[in-house]
Every structure is written in C-alpha cells, then in structure tokens.
Amino acid sequence: MKQIYENLYQFSIYIPPMNFTIHQYLLASDPAILFAAGTARQAKEILPQIQNILGGRELKYIVISHMESDEAGGIFVFRKAYPNVIVICGSLAARELPGWGYEGTIEIKSGKDELDDGELSLSFADYPSEVHDQDGIVCFEKKSGIVYSADLFLRYGDGVGKTRKTAWKDEVNAISADRIVNNEKREMLKDALMAWKPSFVAVGHGFCLECE
C-alpha cells in the first residue's frame, strides 16, 4: 500500500511473468470511495489496510468501471465488511452484478452524470470497455483533481508506487483503436475527457500520471 497522491492510497500487485501491474485505490475523503474492488483474493488482502486507514469510518462507494474480475471480483468481500456500500457502475455492470449474486445497492452512472456528496464531486464519462463497446465508465473527482481511468491508459511494467509526468491532452489524443475500436465512441470519449482538467490519473494498470 502506498499513499500515492494527497489522500489517495494505491494497493497493487505486480505479476512478473506478464510484466503487468494491477491497482486499486482508496480516496480517504468524507465519504470514502474505492476505485476498483480487485479480485476476491486482492480484496481480502487489502481490506484490513483500508479499515485501518478509515479508522472506523464507513466505505460508502465503490466505483466499478467495467465487468472484469480485477474490477468487480472483490465487491462481496467489501459488502460483507460494509453492508451499506454503494456500487457505482454503468448500465451493463448493473445488469450483470445481480447475475453474480450481488444483492447490494447499485447506482448507475453514465456520461455527463454527476455525484456530489460531502467532499466528493464526481463527473462520469462513458468508457466503451465492455464486450461490443458497451457501457463502462471512468470518473473524475473534481475537488482532488483525480481521474480514475481503469484500463484506458494501460501500460506494461512494474508500476507499483510509480508515476510519470505527462500532458493530459497528449494522453487523451493518443487513445487509439487498440483501446476503443468504435471510432464514434472513441471520439465521444475523447471529447468528454478533454473537458476535464485533472492533476493526477489513477490508472488501473501501469504507471500513474501526474498531469502538467
């Protein structure tokens, strides 16, 4: 675990045979929010650390960008510890999670939606990461300047606790068909991201970005 930016905590696993890093993040705001739940195994490992950071406070939100095990596999672990936790996700994940047996509260978000709660002020953008380019999300916490980008800026390598400086517009402009096949949806996402002015990007995989 590393406090990687202000009150943002990074929890990571590096897989050497794949040269691949997987991250989850706790923003210890009031209310607290977790970006990606990790796999069930990861969730069990990081839960005590999260409980220690929060010091008895509740974890109110978990953002699930899209339906993969490293994003959503650990939600059952967190719901057991925090029965009132709210999962924020796109419409496809909201349909799929009950099929996994998830019975907790789900709040569906899509592009141009907002969520304001205490120290949190979230904006969302449609991220067509799901099968057939459907219904994922990424989000921007405006008060802290943090974007959670899920798989969007994926890079290989050991990114545990590591950042690199970059220009946000360059990262957005570099999003290619390798990341989002559908040209129209890719350009819509780029337009939405260019409206954001982040200072830090919490990536799902690889090296976090400090935006100049």
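How each quantity is defined
- Residues numbered from 1 in each chain as written.
- Predicted model: local features only at pLDDT ≥ 70, side-chain atom pairs only at ≥ 80, totals over all residues.
- Heavy atoms only, no water.
- Pairing = 2+ DSSP bridges.
- Helix = DSSP H or I, 4+ residues; strand = E, 2+ residues; numbered from the N terminus.
- Buried < 20%, exposed > 50% of the residue type's maximum accessible area, 1.4 Å probe, protein only.

Teacher, can you tell me more about the pairing of strand β2 (residues 8–15) here?
Relative to β2, strand β1 (residues 2–5) runs antiparallel, the two being bridged by three bridges. Among the inter-strand pairings, Q3 is bridged to a residue of β2, identified as Y9. Hairpin remark: β1 followed by β2, antiparallel, with two residues in the connecting loop; positive phi at E6, about 45°. Two elements, β2 and strand β3 (residues 20–27), share eight bridges in a ladder whose sense is antiparallel. From the neighbouring strand, Y9 faces β3, where its bridge partner is L26.

Help me out: how do you make sense of unusual backbone geometry in this one?
Glycine aside, residues mostly have negative phi angles, and peptide bonds mostly take the trans form. Here D30 and P31 are connected by a cis peptide whose omega angle stands at 5°. With respect to the helices and strands, P31 occurs in the loop between β3 and β4 (32–35). A positive phi is found at N19, a non-glycine position, where the angle reads about 50°. Structurally, N19 can be placed in the loop between β2 and β3. At K112, a residue that is not glycine, the phi angle is positive and equals roughly 75°. Note on placement: K112 falls in the loop between β7 (105–108) and β8 (114–117). Given a relative accessible area of 79%, K112 falls into the exposed group.

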